[in-house]
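# Observations on the three-dimensional arrangement
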Amino acid sequence: MQCKSCGTELPKKAKVCPKCGELVGKQKSDNLKVIAVAGLVIALIGGLLPFVQNTDVELISDAYSFMNIDVPAMWYLYMLAIVVSLVLLAVKKDMFSIIPTAISGIIFIVSFVGMNFRGYESRKLYNLHSLTDLLSNGYEGSSYSVGCGVYVVIIGLILGIAGCFIDIMKYFKKDINVDSKYMTNSINRKVWSKIYYHRWFYVMFLPVLIMILLFNYWPMLGCRYAFTKYIIRSPYYVGLLHFNTMFTNDVFFWDAFRNTLLLSIVKLILNTGAAVIISLLLNEITNLAFKKTVQTIVYLPHFMSWVVVASIFRLILSVNSSGMINQMLMGMGVIDNPIFFLGDVRYWRGTFFFINVWKDTGWGTILFLATLSGISPDLYEAAQIDGANRWKRLIYITLPALANTIITVFILNLAKVMNLFESVFVTMNDAVVNVSNVLQTYVYRKTFGSGNSDYGYTTAVGLFKSFVGMILVLGCNYASKKVRGRGIV
Amino acid sequence: MKKTIKKLTAVGLTLTSVMGLVACGSSNDSNAAGGSSSSKEVTKPDKFTIMCDSTVVTETNGAAAFYEQLKTATGLDFQWTRPDHSGYYDAVANAFNSDDTMPDVILLSSDYYALYASNGFLWNMTDAWNSSETKKSGRLISTADNVLSALMVNGEDGTKAMYGFSPYRGNGCCTYIKKAWLDAAGISTADVEGKTLDFNTYYGYLKQMAANKGHYVISAPGFISNEAPYTNYLPEFYQQANYTFYKNSSGQYVDGFSEDKMKEALQRIQTAVNDGIIDKESVNNSTSNARDKFYSTDAGSESGVFTYWAGTWANTLKTQLATKGLDNELIAIKPIQELGTYVERIAPCWCITTAAKNPEGIFKYFIDTMLDGGDVQTLWEYGAKGTHWDTKAETVTLAKDDEGKKTKTYEEGQFHFLPQPESPDKLMSKNHIDPILALAKFQDGKEDPGASAMTETAKANGDFFAENSTVAVPLPMTTALSENITDINTARNYVISQVALGYMTVDEGMNYYKTTVGSLADTVLKSLNK
């Protein structure tokens with residue numbers, strides 16, 4: 001038998017190559033087991049979904065999961081076991097991670113078969129049920145079926161274990177064909193020794209880590225309220241009730257979803273397009289003083305608060321005598337009666353886009369102007385010598401040079417389309433709510449619109465919004481890789 | 001092996017903290033809901049906590065002196081929690097999330113009051129109130145019973161009881177007309193002032209004023225208000241129409257919005273907008289926009305009729321008009337015939353939570369003393385002597401750099417307000433209880449020390465409103481109501497705006513309402529009539 005690294009003939013039963021020190025036998029993988037990680041995350045989510053569910057759709061809130069188990073410690077132990085598995089996977093102890101994964105499976109089975117679950121009738125009033133009993137005998141005339149949580153947990157745990165044996169990452173890695181002994185120390189070291197070696201960098205990073213954990217990750221734990229009827233101090237589990245209501249019964253949810261996508265995407269296209277055009281025009285200006293002045297003027301609206309911008313436009317677009325635009329249009333004979341730009345559903349969207357372009361186009365030009373200034377003047381000179389006029393130079397030199405930046409800006413902004421709030425909130429009113437209500441304003445109204453804020457439902461809407469946002473980010477990342485050769489996350 | 005143990009220990013520690021986070025808020029509270037106050041001997045409470053918004057003098061405006069003097073006057077030991085005014089109800093919600101943070105005493109607006117009472121977090125003070133010194137004193141104003149009966153709401157078990165006490169009336173809006181506009185339109189003041197007009201006459205006057213000025217007369221803060229009693233900014237147009245659910249004469253809850261009275265009201269508003277009486281921009285107006293238009297010196301955007309808060313605001317409106325150099329004579333008209341009375345909102349109230357160890361004691365020594373008709377009431381109405389007001393002989397200087405100094409000299413024994421600690425260019429005007437709205441008078445022989453500082457306009461208007469108003473009836477909180485009311489109100493407001501602006505007919509609006517949220521309204525009605 002020969003050493004895979006240096007080709008030296010190895011003695012029988014040798015564990016390491018006597019010449020290069022390479023381990024004999026199966027090469028250990030250093031890759032993160034993506035399938036196992038995904039499986040464990042799925043199993044973690046499965047713990048929030050219903051294990052047993054009332055078969056009557058009207059009683060969808062009559063559901064049982066870890067979240068209303070009579071002994072919550074079982075849920076915590078289940079999550080603990082999965083988190084331990086994830087940590088072990090993170091430190092490349094794949095085989096060890098199977099043990100806690102298996103333990104979480106056992107906890108799940110014990111909980112399902114041997115524990116009681118609470119069926120809430122109100123904040124404090126509940127009955128204890130055994131899930132197996134509910135499935136076989138039902139309760140008060142209702143029949144029950146196995147909920148999606150069971151399938152999700154089982155699939156997750158199977159993937160969590162099976163994934164430890166599958167290394168899909170290796171197919172995406174190029175073999176560098178270099179003997180490991182010639183690699184840098186950093187690559188050869190183990191995780192803990194690497195951390196120790198760079199310990200001071202980690203210490204410097206610690207405040208940021210704490211801040212991120214505290215302000216970004218801690219609040220995420222609140223997403224469990226999406227599965228609860230939120231009553232102060234005593235939220236109780238209602239399974240997928242809120243998601244069911246949101247997708248099938250909510251009057252304004254789909255309007256808000258449609259408005260969010262429509263307003264955001266059209267705004268993005270218009271803002272990017274306007275910024276490109278203005279950048280190209282600014283690039284053609286040769287008088288530097290004039291160019292700087294124009295740049296300053298177009299940047300200024302970006303620094304104004306949306307509240308101020310809304311007040312200004314409300315004033316100049318007013319239907320009363322103070323409305324400059326309407327007075328002007330009527331004076332010119334274009335219209336007979338004033339147009340209610342911000343109070344008529346036919347005009348509100350157009351006005352909203354116009355205000356956005358006015359406010360943010362200038363700021364958007366910065367990146368394009370920076371790219372334009374980087375184009376070699378030699379190219380223009382050469383084209384000029386070849387007889388290319390301004391238009392041809394724009395088409396064949398400027399735009400191709402700018403294309404990559406346009407796509408980058410577009411992709412980066414596409415990931416943010418679900419976060420539309422302030423600009424809409426300050427310009428909307430009751431008369432145009434059907435075309436202006438976006439997911440964020442919808443959640444805001446639902447949360448603060450009445451004394452009894454339905455935090456459970458609005459968390460479910462927020463979770464859905466985040467899910468769509470995540471898909472957009474991943475989609476953009478994929479598009480970015482295709483277009484630019486590298487991702488944005 | 002040792003390394004593995006270390007790693008596992010580290011993982012264990014990390015997970016412990018994760019479990020700690022996850023476990024937050026998962027506790028199942030088993031505290032009993034607030035039981036009724038009993039008749040056992042009431043002792044003075046030990047130190048207790050109070051949470052309130054900035055309607056009580058703020059920390060930056062001399063609250064320390066107020067706390068100190070209140071402590072001396074009542075002999076109580078308390079600790080105050082004063083969240084930021086704009087985020088007050090977020091702080092309240094957070095405070096109720098745990099027994100450790102729940103205050104003993106809390107100030108709540110009507111919506112939150114009903115919510116927390118129905119969730120069983122508030123102590124039932126009905127018996128305590130019935131045997132209280134204030135109730136027995138005979139100093140309560142004539143409308144006190146109406147105000148306090150509105151505080152009877154459903155508790156966790158569904159029984160109606162008093163879970164909070166309000167020491168002042170909720171106040172409401174009345175309609176002010178600029179005398180200068182009446183004069184300019186050739187309308188005699190005598191035809192309006194003190195008269196109960198009917199809608200046609202009132203509308204006729206509005207039309208005359210609009211014709212005279214060439215533009216709208218009323219610019220309201222929205223075609224509908226976003227809090228109860230909702231119709232209070234255009235009461236003459238809504239008249240008897242109910243915006244939301246209410247109990248009708250046969251004791252059944254009905255949806256006021258889908259009734260004929262609302263259809264008629266919407267038609268009146270549409271006609272008024274179409275006739276140029278009501279400003280179309282009302283849909284965009286905030287309260288400050290609407291006020292600015294009432295004070296406006298621009299003849300093109302000035303409004304002449306404004307339905308706004310009574311009492312102290314009557315004086316503020318006059319002062320602002322005078323400051324802008326406009327004629328400041330205002331006529332507060334009586335409610336028109338079809339309206340009957342103005343509506344008074346339900347006042348914010350002081351509640352004792354189930355976290356309080358000695359609720360009877362807190363009620364007796366803290367809440368019941370707010371209207372003691374003496375020193376404590378003075379503190380709640382005017383603030384701390386020497387910090388917010390005084391009676392000693394002195395010259396009070398209002399300082400403002402750009403406007404120079406304004407001074408006024410007072411004699412010994414003359415009540416006067418002092419400059420606000422946080423804004424020395426403005427005088428204090430009141431503390432938590434507006435003297436005009438207080439539910440109880442001062443004791444015989446103990447005159448209200450600040451009565452002389454009250455402006456005649458504010459006092460007269462406060463009395464006028466009290467005579468011409470009824471208190472709003474609270475809506476009981478049900479699960480179906482709290483889950484659906486935002487969507488229902490969104491549809492209602494959309495219909496009102498669309499009809500008012502002429503984009504929908506009344507029938508189209510009502511059809512839209514029925515098709516979008518009709519089933520939700522039915523669900524709510526079902527829950528209310530259960």
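Residues numbered from 1 in each chain as written. Chains lettered and ligands numbered in written order. Predicted model: local features only at pLDDT ≥ 70, side-chain atom pairs only at ≥ 80, totals over all residues.

### Observations concerning the overall build of chain A
- Within chain A, the secondary structure is distributed over 20 helices and 7 strands.
- Per-residue burial for chain A yields a buried fraction of 33% across its 489 residues.
- Within chain A, counting contacts between residues at least 6 apart in sequence, those at least 24 apart form 67% of the total. (Helix = DSSP H or I, 4+ residues; strand = E, 2+ residues; numbered from the N terminus. Buried ≥ 20, exposed ≤ 12 C-beta atoms within 10 Å, placed from the backbone. Contact = placed C-beta atoms within 7 Å.)

### Comments concerning the overall build of chain B
- Helix and strand counts for chain B stand at 18 helices and 18 strands.
- Relative to the globule expectation of 24 Å for 530 residues, the C-alpha radius of gyration of chain B, 26 Å, shows essentially globular dimensions.
- With the C-alpha coordinates of chain B rotated into their principal frame, the extents come out at 90 × 70 × 55 Å.
- The proportion of buried residues among the 530 residues of chain B is 46%. (Rg over C-alpha atoms; globule rule 2.2 N^0.38 Å.)

### Section: unusual backbone geometry
All names here are of chain B.
- Cis peptide bonds are those with omega within 30 degrees of zero, and the linkage from Ala228 to Pro229 qualifies with 10 degrees.
- Phi at Tyr230 is positive, roughly 60 degrees, even though this residue is not glycine.
- On the basis of neighbour counts, which here come to 24 C-beta atoms within 10 Å, the residue Tyr230 falls in the buried class.

### Here we look at the domain arrangement of chain A
- Splitting chain A by domain gives domain 1 (31–173) and domain 2 (253–449).
- The gap between the C-alpha centroids of domain 1 of chain A and domain 2 of chain A is 48 Å. (Domains from an automatic or database assignment.)

### What to know about helix H16 (residues 456–467) of chain B
- In a regular helix each residue adds 1.5 Å, so 12 residues correspond to 16 Å; H16(B) covers 16 Å between its end C-alpha atoms and thus fits that length.
- Lining the buried residues of H16(B) we find strand S7 (173–178), helix H13 (312–323), strand S11 (330–332), strand S12 (342–344) and strand S18 (469–471) of chain B. (Expected span 1.5 Å × (residues − 1).)

### Re the sheet that holds strand S1 (residues 52–54) of chain A
Residues and elements named next belong to chain A.
- The strand order S2-S1-S5 describes an open sheet built from 3 strands, whose pairing is antiparallel. The open sheet is flanked by strand S2 (63–64) and strand S5 (144–146), the only strands paired with a single partner.
- Across 2 bridges, the pairing between S1 and S2 is antiparallel. Note on S2: the bridge partner recorded for Val52 is Tyr64. (Pairing = 2+ DSSP bridges.)

### Some details on the pairing of strand S2 (residues 78–81) of chain B
All names here are of chain B.
- Relative to S2, strand S1 (residues 48–51) runs parallel, the two being bridged by 4 bridges. Paired with Ile50 across the strands is Trp80, a residue of S2.
- In this region the chain leaves S1, passes through helix H2 (residues 63–74) and returns to the parallel neighbour S2; the handedness of that crossover is right-handed. (Right-handed = clockwise from strand over helix to strand, strands pointing away.)

### As for the nonpolar core
- Counting 222 residues, the largest nonpolar core has B:Tyr113, B:Met125, B:Tyr163, B:Ile269, B:Cys351 and B:Ile352 as the members making the most contacts within it.
- Take this core: its biggest share by element is 11 residues, from helix H2 (residues 72–90) of chain A.
- Excluding its chain neighbours within four sequence positions, the residues that come into contact with B:Cys351 are B:Ile106, B:Leu108, B:Tyr113, B:Leu122, B:Tyr163 and B:Gly164.
- If you look at the next biggest cluster of nonpolar residues, it comprises 5 residues, including A:Ala274, A:Ala275, A:Phe368 and A:Leu402. (Core = buried A, V, L, I, M, F, W, Y, C linked by C-beta atoms within 7 Å.)

### A look at the packing of helix H10 (residues 253–284) of chain A against helix H14 (residues 345–373) of chain A
All names here are of chain A.
- Where H10 meets H14, the closest approach of the two axes is 6 Å, and the angle between their N-to-C directions is 50 degrees. For the element pair H10 / H14, the angle class is oblique. H10 and H14 meet at a crossing whose hand is right-handed.
- Here the contact of H10 with H14 is composed, by residue class, of 14 nonpolar, 8 polar and 2 charged. (Axes fitted to C-alpha atoms, helices over the stretch in contact; angles between N-to-C directions. Parallel < 35°, antiparallel > 145°, perpendicular 65-115°, else oblique. Left-handed = near helix turned anticlockwise from the far one by under 90°. Nonpolar A, V, L, I, M, F, W, Y, C, P; charged D, E, K, R; others polar.)

### Regarding the domain arrangement of chain B
Residue and element names in this part refer to chain B.
- Taken domain by domain, chain B comprises domain 1 (41–169 + 348–380), domain 2 (173–344 + 473–528) and domain 3 (389–423).
- Computed from C-alpha atoms alone, the centre-to-centre distance between domain 1 and domain 2 is 33 Å.
- Listed as interface residues are 8 residues of domain 1 and, on the opposing side, 6 residues of domain 2.
- If you list the elements that add at least two residues to the side of domain 1 that touches domain 2, you get helix H4 (110–118) and strand S4 (152–154).
- When residues in the side of domain 1 that touches domain 2 are grouped by element, the largest group, 4 residues, is from H4.
- Among the residues forming the side of domain 1 that touches domain 2, the class breakdown is 4 nonpolar, 3 polar and 1 charged.

### A closer look at the environment of B:Lys135
Residue and element names in this part refer to chain B.
- Within the secondary structure, Lys135 is located in helix H6 (residues 133–136).
- Through-space distance from the C-alpha of Lys135 to that of Glu360 is 15 Å; in sequence the pair is 225 residues apart.
- Not counting chain neighbours up to four residues away, the residues in contact with Lys135 comprise Trp129 and Asn130.

### Some words on the sheet that holds strand S6 (residues 164–165) of chain B
All names here are of chain B.
- The strand order across the open sheet built from 5 strands is S2-S1-S3-S13-S6, with neighbouring strands paired in mixed fashion. Of all strands in the sheet, those bounded by a partner on one side alone are S2 and S6.
- The sheet contacts of H4 involve strand S3 (105–108), S6 and strand S13 (349–352), and relative to S3 the element is tilted by about 130 degrees.
- This element, helix H14 (residues 359–367), spans S1, S3, S6 and S13 of the sheet and lies at about 150 degrees to S13.

### Digging into helix H15 (residues 377–385) of chain A
- The buried fraction of H15(A) is low, at 0 of 9 residues.
- Just past H15(A), the residue A:Gly387 takes up positive phi, approximately 95 degrees.

### Overview of the packing of helix H11 (residues 260–274) of chain B against helix H17 (residues 479–500) of chain B
Residues and elements named next belong to chain B.
- Relative to each other, H11 and H17 sit at 40 degrees, their axes nearing to 8 Å. Taken together, the axes of H11 and H17 are oblique relative to one another. Here Leu266, Ile269, Gln270 and Val273 of H11 come into contact with H17, specifically with Ile496, Val499 and Ala500.
- Classifying every residue of the contact of H11 with H17 gives 6 nonpolar, 1 polar and no charged.

### A closer look at the environment of B:Lys179
Residues and elements named next belong to chain B.
- By the element assignment, Lys179 lies in helix H8 (residues 179–184).
- The exposure class of Lys179 is partly exposed, given the 18 C-beta atoms found within 10 Å.
- Note: C-alpha distance between Lys179 and Pro335 (156 residues apart in sequence) is 17 Å.
- Not counting residues within four places of it along the chain, the set of residues in contact with Lys179 comprises Thr189, Asp327, Glu329, Leu330 and Ile331.

### Looking at the confidence of the model for chain B
Residues and elements named next belong to chain B.
- For chain B, the mean per-residue pLDDT works out to 87, and 91% of the residues sit at or above 70.
- In the model, residues 13–39 has pLDDT below 50 throughout and makes 40 contacts with residues more than four positions away in sequence or in other chains.
- Interface confidence for the predicted complex, given as ipTM, is 0.78, next to a pTM of 0.81. (pLDDT = per-residue confidence, 0-100.)

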